[in-house]
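# Chains, contacts and geometry: an overview
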Amino acid sequence: MTAVSANASGLREVAVLGAPGSIGASALDVIARHPGRLRASVLAAGSNVDALLALCAAHRPAHAVISDENRFVALRDGLRAAGLDTQAHAGGRALDELVSGDACESVVAAIVGAAGLSSTLAAARAGKRLLLANKESLVLAGELLVAAAHAANAEIVPVDSEHNAVFQCLRSRQTQGDVRRIVLTASGGPFRGRKRDALADITPAQAVAHPKWSMGPKISVDSATLMNKGLEVIEAHHLFGLPGRQIDVLVHPQSLVHALVEFIDGSTLAQLGLPDMRTALAVGLGWPERIESGVAGLDLLAQGKLEFEPPDLEAFPCLRLARQAMDAGGTAPAVLNAANEEAVSAFLQGRIGFLAIPALVEDALAALPATPAISLDALLAADAQARSFAHQRIASPALHA
Ligand code: NAD
Ligand code: MG
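All of the points below concern the structure found in this document.

## Regarding the side chain of Asp160
Within the secondary structure, Asp160 is located in the loop between β7 (156-158) and α7 (161-169). The class of Asp160 is buried, set by a relative accessible area of 7%. Setting aside residues up to four positions removed in sequence, Asp160 forms contacts with Leu132, Lys135, Glu232, Glu235 and Met277.

Next comes the structure, spelled out in structure tokens:
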């Protein structure tokens, strides 16, 4: 394991990718609590220049990047007008270069979707500490990403809450063989307890209203379909090198136990905490030291009960589909992820119903059988094929019948 260096002034410089998003805001909140120790040196956003400018005014990074190249002039002029000496950049390549260069030691990878793969890979290849929230990049290209991080001695600290919990619990392990299984918990989402036929008329507003976590729209829908947990099983498989049969899922509606690790001697360690992503981000930003996150401790007496139940795979088939894709291997997880991204986007736009999300993913997996994932190009080609398959299905009347 590598220790993350700080620059000569003792400040650790951090790039926050997806800065205006939910994880970005939590990361910047923790960073701002440690002005002598942490600095947001690079802020990156997709296309929302106004949000990025506001964050630049608050955090005064050295660099700001907008992925949408058409927004470059607005960013540059906005920075000037605000009297900031933050340098403006645009486009994916500029982002990859900044992430790889001297402007940061740590990278918070919190872009949503496969759009985050390139910058996440760039950070891994450059040996940065990678605070990995962008689970889709692991689902799409897990082997490549983990191998790139390993080759460059880049430390991945997962900031997905369950994986961050496993990361913490695994500190008391000597070898891989010490672990019998890990258990990822799931809140069950806003529709826990409903049967399949009570899900047909779900609206986007209902689906994004998560009972426990406040998150961006895509992951909120994924939580409602249980695809989020499916993506997380694949994420755990890559991060911790465990086969699917050693990764279990338990529904835990209170979202206070984030994951459990069972060892071969019968011990089970769990990590608990309030459902607030700043804890996981503080672990990533400070590790191996513990730093303040702004999150209160857990008062179990006030919280009352901790409940657990099995996931309902009949009502929420996405978890089963994700396991199926993981077992098929090769390009199948890339197809699963891309079809899901397109289906969720169409659902959020009101173009397809809630139950069409798993239907579309299932059809894409059947129509595009797994081939070996020999290269990044092969994975990106599978991603593109699945998106074009999804576009056709979304436009077809059969999906809406
Ligand atoms: P969000 O929708 O709130 O934010 C996404 C961010 O990505 C936005 O800032 C947007 O500007 C940026 N973005 C989108 N496309 C981009 C592009 N091409 N280039 C640069 N930036 C781009 O989403 P979120 O909830 O913060 O989730 C971000 C990631 O973290 C997702 O992969 C999600 O699965 C993961 N995650 C989130 C949470 C959570 O609590 N929100 C928890 C675990 C994991
Ligand atoms: Mg999670």
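Back to the text.
## Side note on helix α6 (residues 135-151)
End to end, α6 covers just 20 Å across 17 residues, shorter than the expected 24 Å (1.5 Å per residue, more than 12% under). When the local axis directions of α6 are compared, the greatest deviation, roughly 105°, occurs at Ala141. Phi turns positive one or two residues past the end of α6, at Asn153, with a value near 60°.

## So, the sheet that holds strand β11 (residues 268-272)
Sheets are built from strands that pair by backbone hydrogen bonding, the pairs being arranged parallel or antiparallel. Sheet architecture is open: four strands sit in the order β9-β8-β10-β11, paired in mixed fashion. At either margin of the open sheet sits one strand with a lone partner, and together these are β9 (247-251) and β11. Neighbour to neighbour, the strand axes of the sheet diverge by 20° on average, direction disregarded. Here five bridges tie strand β8 (residues 179-186) to strand β10 (residues 257-263), and the two strands are oriented antiparallel to one another. Bridge pairing links Leu184 to Ala259 in β10. Lying on the sheet, α7 is in contact with β8, β10 and β11; it crosses β10 at an angle near 40°.

## Re the nonpolar core
Formed by 93 residues in total, the largest nonpolar core has its most connected members in Ile182, Leu336, Ile352 and Phe354. With ten residues, helix α14 (residues 332-348) is the largest single contributor of residues to this core. Other than its neighbours up to four places away in sequence, Ile182 contacts Val166, Ala236, Phe240, Leu242, Gln246, Ile247, Asp248, Leu260 and Val261.

## Section: the site of ligand 1
In the vicinity of ligand 1 there are 22 residues, among which Ser22, Ile23, Ser67, Glu136 and Gly216 approach most closely. Take Gly46: an N or O atom from its main chain is 3.0 Å from an oxygen atom of ligand 1. The contact in question runs from an oxygen atom of ligand 1 to an N or O atom on the backbone of Gly216, over 2.8 Å. Calculation on ligand 1 without its partners gives an accessible area of 830 Å², and the protein chains cover 86% of this total. Residues belonging to the shell around ligand 1 are distributed by class as follows: twelve nonpolar, seven polar and three charged. Split by domain, the residues of the shell around ligand 1 number at least three in each of domain 1 (12-158) and domain 2 (165-276 + 298-400).

## With respect to the coordination of the magnesium ion (ligand 2)
Metal coordination angles have textbook ideals: 109.5 degrees for a tetrahedral set of four donors and 90 or 180 degrees for an octahedral set of six. In this structure, Asp160 (OD), Glu162 (OE) and Glu232 (OE) serve as the protein donors to the magnesium ion (ligand 2), at separations of 2.0 to 2.2 Å. Sequence spacing of the donor residues for the magnesium ion (ligand 2), all on one chain, is D-x1-E-x69-E. Remark: Glu232 occurs in helix α10 (residues 227-240) and Glu162 occurs in helix α7; sequence separation between them is 70 residues. Taken individually, Glu162 and Glu232 each receive the classification buried, so the pair is uniform in this respect.

## Side note on the side chain of His258
Within the secondary structure, His258 sits in strand β10. In terms of polar contacts, His258 uses its side chain to reach the backbone carbonyl oxygen of Gly273, at 2.9 Å.

## Some words on unusual backbone geometry
Note that the residue after Trp287, namely Pro288, is joined by a cis bond; omega there is 5°. Of note, Pro288 is situated in the loop between α11 (278-286) and α12 (300-303). Although it is not a glycine, Leu226 sits at a positive phi angle of roughly 75°. Counting through the fold element by element, Leu226 comes out in the loop between α9 (217-225) and α10. We classify Leu226 as buried; its relative accessible area is 6%. The backbone of Ser255 shows a phi angle near 50°, a positive value even though the residue is not glycine. Inspection of the secondary structure assignment puts Ser255 in the loop between β9 and β10.

Thresholds applied
Residues numbered from 1 in each chain as written. Chains lettered and ligands numbered in written order. Predicted model: local features only at pLDDT ≥ 70, side-chain atom pairs only at ≥ 80, totals over all residues. Heavy atoms only, no water. Helix = DSSP H or I, 4+ residues; strand = E, 2+ residues; numbered from the N terminus. Buried < 20%, exposed > 50% of the residue type's maximum accessible area, 1.4 Å probe, protein only. Contact = heavy atoms within 4.5 Å. Expected span 1.5 Å × (residues − 1). Bend = angle between axes of the 7 residues up to and from the residue. Pairing = 2+ DSSP bridges. Axes fitted to C-alpha atoms, helices over the stretch in contact; angles between N-to-C directions. Core = buried A, V, L, I, M, F, W, Y, C linked by side-chain atoms within 4.5 Å. Near = heavy atom within 4 Å. Polar contact = N/O pair within 3.5 Å; in protein donor to acceptor, adjacent residues only side chain to side chain. Areas by Shrake-Rupley, 256 points an atom, 1.4 Å probe, with all protein chains shown as cover. Nonpolar A, V, L, I, M, F, W, Y, C, P; charged D, E, K, R; others polar. Domains from an automatic or database assignment. Donors = N, O, S within 2.8 Å, 3.2 Å for Na, K, Ca; no water.

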